[in-house]
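A structural walkthrough
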Amino acid sequence: MRIMKESVMEQPALPPATGEEDHLSLALANSAIAMAGGHTVDLLGTPAQVNHWLTERGLAPVDAGMREMCAAQVRSLREQIRSLFASRAAGLPALPAAVAAINDAMTRVPTAPLLRWDDKTGPYRATPHPTTEIVDHALATIAADAADLLTGSDAERLTACGSTPCNRYLLRHGRRHWCSTRCGDRARAARAYARRTRSGT
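Residues numbered from 1 in each chain as written. Predicted model: local features only at pLDDT ≥ 70, side-chain atom pairs only at ≥ 80, totals over all residues. Heavy atoms only, no water.

**Some thoughts on the overall build of the chain**
- Helix and strand content of the chain: 6 helices and 6 strands.
- Along the chain, helices and strands appear, N-terminal first, in the series α-β-β-α-α-α-β-β-α-β-β-α.
- Put simply, the chain has 201 residues, and 38% of those count as buried.
- Looking at the chain alone, contacts between residues at least 24 apart form 53% of all its contacts between residues at least 6 apart.
- When the accessible surface of the chain is totalled, it reaches about 12,100 Å², and 56% of it is carbon and sulfur. (Helix = DSSP H or I, 4+ residues; strand = E, 2+ residues; numbered from the N terminus. Buried < 20%, exposed > 50% of the residue type's maximum accessible area, 1.4 Å probe, protein only. Contact = heavy atoms within 4.5 Å. Areas by Shrake-Rupley, 256 points an atom, 1.4 Å probe, with all protein chains shown as cover.)

Pasting the structure below:
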């Protein structure tokens, strides 16, 4: 049996795509980055990386002790969100399984603080958040954000980065269709090269 060595990839030097600061679902969708040469950098490749990603966004404590099963759930939701974003950006029907995955994630945990009763202090409301449900709560939060993005005013601005091979999504600002300056420069260079090639033949 071949033993796979777990490697931790450093995050590429890319700024967040426009909209990631406001939408957790967009940040999640962009956590697997296609690079030149056919390489993909997965910022959620290991349980520790998933734990770090969730912690940075206030969705999990540092010491959550993420397991691979939970990390796989986060990566699975990412693929469903990417599918929905691709459908929305291209104006195509969504895959029913992707819609079902978002709804399942949103309804798996209570969305309202539940009534509790303490013998000494009386009634109060609290949202259950035991350690075993950290991932469910994180997934529900991200799924709700995806639903809000897809049905809100920002949906018209959702687009795929226009620079090959980039696979990130962004909220378009004006005519800009690139997730970063790097991608914009690469797209402009590719167009210039194509023009020179055409004029040279």
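**Here we look at helix α5 (residues 134-151)**
- Across its 18 residues, α5 extends 26 Å between first and last C-alpha, which sits within 8% of the 26 Å expected from 1.5 Å per residue.
- The complete set of buried residues in α5 reads I134, V135, D136, H137, A138, L139, A140, I142, A143, D145, A146 and L149.
- Buried residues belonging to α5 abut α1 (24-29), α2 (47-56), α3 (68-90), α4 (96-107) and β6 (169-171). (Expected span 1.5 Å × (residues − 1).)

**Some details on the packing of aromatic side chains**
- With the rule as written, the count across this model stands at 1 aromatic pair.
- Taking 5.9 Å as the distance between ring centres and 70° as the angle between the ring planes, the aromatic pair formed by F85 and Y169 counts as edge-to-face. With F85 in helix α3 and Y169 in strand β6, this residue pair connects regions lying 84 residues apart in the sequence. For the pair F85 and Y169, a shared accessibility class is recorded, and that class is buried. (Phe/Tyr/Trp six-rings, centres within 6.5 Å; stacked < 30°, edge-to-face > 60°.)

**Observations concerning the nonpolar core**
- Among the nonpolar cores identified, the biggest contains 33 residues, and L28, L54, V74, L77, I81, F85 and I142 are the most heavily contacted of them.
- Going through the elements one at a time, α1, α2, α3, α4, α5 and β6 are the ones with two or more residues in this core.
- With 8 residues, α5 is the single largest residue contributor to this core.
- Excluding its chain neighbours within four sequence positions, the residues that come into contact with I81 are S25, L28, A29, I102, I142 and A146.
- The next biggest cluster of nonpolar side chains, apart from the first, holds 7 residues, and it includes A17, C166, L170 and C179. (Core = buried A, V, L, I, M, F, W, Y, C linked by side-chain atoms within 4.5 Å.)

**A short note on the packing of α3 against α5**
- Running from N to C, α3 and α5 point in directions that differ by 5°, and their axes come no closer than 11 Å. Considering the angle they form, α3 stands roughly parallel to α5. Residues C70, Q73, V74, L77, I81, L84, F85 and R88 of α3 pack against V135, D136, L139, I142, A143, A146, L149 and L150 of α5.
- In terms of residue class, the contact of α3 with α5 is made up of 13 nonpolar, 1 polar and 2 charged. (Axes fitted to C-alpha atoms, helices over the stretch in contact; angles between N-to-C directions. Parallel < 35°, antiparallel > 145°, perpendicular 65-115°, else oblique. Nonpolar A, V, L, I, M, F, W, Y, C, P; charged D, E, K, R; others polar.)

**A few points about the pattern of salt bridges**
- Inspection of every chain in the model, using the stated rule, returns 9 salt bridges.
- We note a salt bridge from D42 to R78, for which the minimum N-O separation is 2.8 Å. Linking D42 in strand β2 (residues 40-42) with R78 in helix α3, this pair joins segments that are 36 residues apart in sequence.
- A salt bridge links R78 to E79; the shortest N-O distance between them is 3.2 Å.
- Exposure remark for E79: the relative accessible area of 40% places this residue in the partly exposed category. (Salt bridge = Lys/Arg side-chain N within 4 Å of Asp/Glu carboxyl O.)

**A word on the packing of α4 against α5**
- Contact geometry of α4 with α5 gives a least axis separation of 7 Å together with a crossing angle of 130°. Considered as vectors, α4 and α5 are oriented oblique to each other. Judged by the sense of rotation from one axis to the other, the crossing of α4 with α5 is left-handed. Only D136, L139, A140, A143, A144, A146 and A147 of α5 make contact with α4, whose side of the interface consists of I102, A105 and M106.
- Of the residues that constitute the contact of α4 with α5, the class distribution is 9 nonpolar, no polar and 1 charged. (Left-handed = near helix turned anticlockwise from the far one by under 90°.)

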